[in-house]
Amino acid sequence: MIDVDIEQRLNGFELAVAFQAQAPVVGLFGRSGSGKTTLVNAFAGITRPRRGHIVVNGEVLFDSEHGIDLPPEKRRLGYVFQDDLLFPHLTAEANLLYGFHRAPGPARVIDPAHVVDLLGLKLLLRRFPGALSGGERQRVAIGRALLAQPRLLLMDEPLASLDVLRQNEVLRYIEQLRDDLHIPIVYVSHSVAEITRLADTVVLLAEGKSLAVGDVDDVMGRMELRPHTGRHEAGAVVETTVAAHDLGDGLATLRFEGGELIVPNVEALVGERVRVRIRARDVALATEQPHHLSVLNVLKGSVVAVAREDSPIVDVRLQVGSASLVARITRRSCSDLGLAPGAEIYALIKAVSIDRRSVGYA
Amino acid sequence: MSSEEIGIIGLSLKVALASVAFSLPAAIFFAYVLARADFPGKTLLDAVVHLPLVLPPVVVGFSLLLLFGKHGFIGRWLAEWFGIVFAFRWTGAALASAVMGFPLMVRAIRLSIAAIDQRLETVARTLGGSRTWVFLSVTLPLALPGVVTGVLLSFARSLGEFGATITFVSSIPGETETLPLAIYSLVQTPGGDSQALRLSVIAVILSVAALMVSEWLTRRARGAMQHHDRR
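Residues numbered from 1 in each chain as written. Chains lettered and ligands numbered in written order. Predicted model: local features only at pLDDT ≥ 70, side-chain atom pairs only at ≥ 80, totals over all residues.

1. Describing the overall build of chain B
Looking only at helices and strands, chain B features eleven helices and zero strands. When the elements of chain B are put in sequence order from the N terminus, they spell out α-α-α-α-α-α-α-α-α-α-α. For chain B, the spread of C-alpha atoms along the principal axes amounts to about 65 × 45 × 30 Å. A total of 231 residues make up chain B; the buried ones form 38% of that total. Partitioning the intrachain contacts of chain B with sequence separation of at least 6 by distance along the chain shows that 75% fall at a separation of at least 24. (Helix = DSSP H or I, 4+ residues; strand = E, 2+ residues; numbered from the N terminus. Buried ≥ 20, exposed ≤ 12 C-beta atoms within 10 Å, placed from the backbone. Contact = placed C-beta atoms within 7 Å.)

2. Some details on the overall build of chain A
When you go through chain A residue by residue, the secondary structure sums to ten helices and 21 strands. Since a compact globule built from 362 residues should have a radius of gyration of about 21 Å, the 22 Å found for chain A is in line with a globular shape. By its C-alpha atoms, chain A is 65 × 50 × 30 Å across when sized along the principal axes. Burial analysis of chain A (362 residues in total) assigns 45% to the buried set. Residue pairs at least 24 apart in sequence account for 68% of intrachain contacts in chain A once pairs closer than 6 positions are excluded. (Rg over C-alpha atoms; globule rule 2.2 N^0.38 Å.)

3. Some points on the interface of chain B and chain A
Taken together, the contact pairs 21 residues of chain B with 22 residues of chain A. Those elements that place two or more of their residues in the side of chain B that touches chain A are α6 (118-126), α7 (131-142) and α11 (193-229) of chain B. A total of seven residues in the side of chain B that touches chain A trace back to one element, the largest contributor, which is α6(B). Tallied by class, the residues present in the side of chain B that touches chain A amount to nine nonpolar, seven polar and five charged. (Nonpolar A, V, L, I, M, F, W, Y, C, P; charged D, E, K, R; others polar.)

4. Examining the domain arrangement of chain A
Residue and element names in this part refer to chain A. For chain A, the assigned domains are domain 1 (2-229) and domain 2 (235-361). Computed over C-alpha atoms only, the centres of domain 1 and domain 2 are separated by 32 Å. At the interface, ten residues of domain 1 touch twelve residues of domain 2. For the side of domain 1 that touches domain 2, the secondary structure elements donating two or more residues are α7 (192-198) and α8 (216-221). In terms of residue class, the side of domain 1 that touches domain 2 is made up of five nonpolar, two polar and three charged. (Domains from an automatic or database assignment.)

5. What about helix α5 (residues 134-147) of chain A?
Residue and element names in this part refer to chain A. Between its first and last C-alpha, α5 extends 20 Å over 14 residues, near the 20 Å set by a 1.5 Å rise per residue. Counting buried positions over the 14 residues of α5 gives twelve, a clear majority of the element. Three or more residues of α5 are buried, namely E136, R137, Q138, R139, V140, A141, I142, G143, R144, A145, L146 and L147. The inward-facing, buried residues of α5 contact β7 (77-80), α3 (92-102), α4 (112-118), β8 (152-156) and α6 (164-181). With its phi angle positive at about 60°, Q149 sits one or two positions after the end of α5. (Expected span 1.5 Å × (residues − 1).)

6. As for the nonpolar core
Ranked by size, the top nonpolar core spans 158 residues in total, and within it A:L154, A:V186, A:V316, A:L325, A:A327, A:A347 and B:I109 carry the most contacts. In terms of residues, this core owes the most to one element, helix α5 (residues 90-114) of chain B, which gives 15 residues. Counting contributing residues, this core receives three or more from each of domain 1 (2-229) and domain 2 (235-361) of chain A. Ignoring any residue separated from it by four or fewer positions in sequence, one finds B:I109 in contact with B:A27, B:I28, B:A31, B:A143, B:G146, B:V147 and B:G150. (Core = buried A, V, L, I, M, F, W, Y, C linked by C-beta atoms within 7 Å.)

7. Notes on the sheet that holds strand β20 (residues 344-349) of chain A
All names here are of chain A. The sheet built from five strands is open, its strands ordered β16-β20-β17-β18-β19 with antiparallel pairing. Where the open sheet ends on each side, the last strands, each with one partner, are β16 (283-286) and β19 (323-330). Between one strand axis and the next, the sheet turns by 45° as a mean value, whatever way the strands run. (Pairing = 2+ DSSP bridges. Axes fitted to C-alpha atoms, helices over the stretch in contact; angles between N-to-C directions.)

8. Quick notes on helix α3 (residues 57-68) of chain B
Residues and elements named next belong to chain B. Over its twelve residues, α3 extends 16 Å from the first C-alpha to the last, a length consistent with the 16 Å expected when each residue adds 1.5 Å. Among all positions of α3, only V60, G61, L64, L65 and F68 are buried. Taken down its axis, α3 places every buried residue within 140° of arc, on the same side. Contacts made by the buried residues of α3 are with α2 (42-54), α4 (73-82), α5 and α9 (163-169). (Arc of directions from axis to C-beta.)

9. As for the packing of α3(A) against α5(A)
Residue and element names in this part refer to chain A. Interhelical geometry of α3 versus α5 gives an angle of 25° and a closest axis separation of 6 Å. With respect to α5, the axis of α3 lies roughly parallel. Every pair of crossing elements has a handedness; the one defined by α3 and α5 is right-handed. Counting all contacts with α3, which are made through A92, N95, L96, L97, Y98, G99 and F100, the residues of α5 involved are V140, G143, R144 and L147. Of the residues in the contact of α3 with α5, the class split is seven nonpolar, three polar and one charged. (Parallel < 35°, antiparallel > 145°, perpendicular 65-115°, else oblique. Left-handed = near helix turned anticlockwise from the far one by under 90°.)

10. A look at the pairing of strand β3 (residues 25-29) of chain A
Residue and element names in this part refer to chain A. Most of β3 sits inside the fold, with five of its five residues counted as buried. Alternating residues of β3 divide into V25, G27 and F29 and V26 and L28, and every residue in both groups is buried. Strand direction decides the pairing type here: β3 and strand β9 (residues 185-189), joined by five bridges, are parallel. Within β9, the position partnered with G27 by the bridge is Y187.

11. A look at the environment of A:R50
Residue and element names in this part refer to chain A. Along the chain, R50 turns up in the loop between α1 (36-44) and β4 (51-56). Separated by 195 residues in sequence, R50 and H245 have C-alpha atoms that sit 54 Å apart. Not counting residues within four places of it along the chain, the set of residues in contact with R50 comprises E7, Q8 and R9.

As structure tokens, then:
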């Protein structure tokens, strides 16, 4: 449980954030300059808020009213920065164990051997940071933070300095440690794809304020927040279970309550939970069941809301079984089809539109 | 080499080593403060630390005499309470050398501390390291090349120290007569030229040796980080 309510002024920037969140992964989402890093630094005790409190799992880290301000080394929050910031004079192994040796004995529940295994670091241990690739370095940095036995893992854009290939590699490892170690994670990013893939609860930041807190698909799908979540990125997240793999065609069937999706590029095994992000612009609508179509996914649902606005493009919010979807269509199509809340509808999603980055482990 | 010459070299090395050993902790402290802290009066402190670099050495020696001499303000107190005497002792020569080499040492260490990414120290704090531990385990090892350079500069400065030493502790054979002082007095003595030359050659050898040792140490200290550049 994270309970934050702070006000802070830093170099003319005003931060006033309040939220409570309980989730394995809390996403802090916002554009650059929205105050994400300032907030995380206040968490870690690197900067001091002017007023307020920060409580993590019942442990008061900061409380201006009671004069509590734990120094960074007493907060026991693992901080993973944008850059790996490994100690250049120490081997990967010595880097990993830096915090482990400082952690109080009884708190040492995360085992070095386990972390080495989990993050695939076995062959890197004796090397110096300079001899590691960007992805390897970031993995060592994550392992180092974990072995300090943190109450909470703070990750500030941990993929920002990596290329796309490395991003996927590291993302996979983050998903694994989330499922394996049960340490709550605050994951900071300006990437909708990363947030929706990893987070359960999202805090939307804009201009130093928390605009919304809630379920990822809920907040990211809310239309009035679109100026902050980003227009072209609008979409919805569907939580599914892998039902079958068609190895011949390389397609997987993902099942959720009230529907199925057929999707390529799924690595997860049958029975595993997978979340899929479907961009609003990849969803087409029909009022009758279409036939003789290349589109593999035709889902029956109903219209929940139609965004009213003066632009030629509108977003239509749909309910398909347990899943919420957003379809981005022209205003003309919307009026031609006579879409209104409650109308029965078929959502058409090309399997091809769901790429590797849209699918993550749940 | 005559036993007299060996005595002079031994004394010079003793004075230089003592001056480096005792000024190093203070130099690291002031280098860290000047590189990292921000406080009113920082410019003044910076100026005071650098003063021996710009003052005539004779003035430094005279100031030391006033402060640390037998009747000096600090000297009297030190002699009374701790029995430490600087005046006309080899310890005084070491003190004069330390003061003269101090700005060089602080400067080298300060530059290398300022070059360290401060976020490395921040990470170390979040990993549970106290301020002191972070300094010892991250800052100091990363500043090591600068520390080695500072030690060498100060050591070399000490071997060559003349003006402040002769003003403060005079030139007493066997007690305060270091290499440069001995060379000077030989040059002043009729027929002492050849001996002065011998000592001068020894001074050159000592300086070159110190330089080589420091090069070797610096390379060792940078070993891990050179690794860093070899991607």
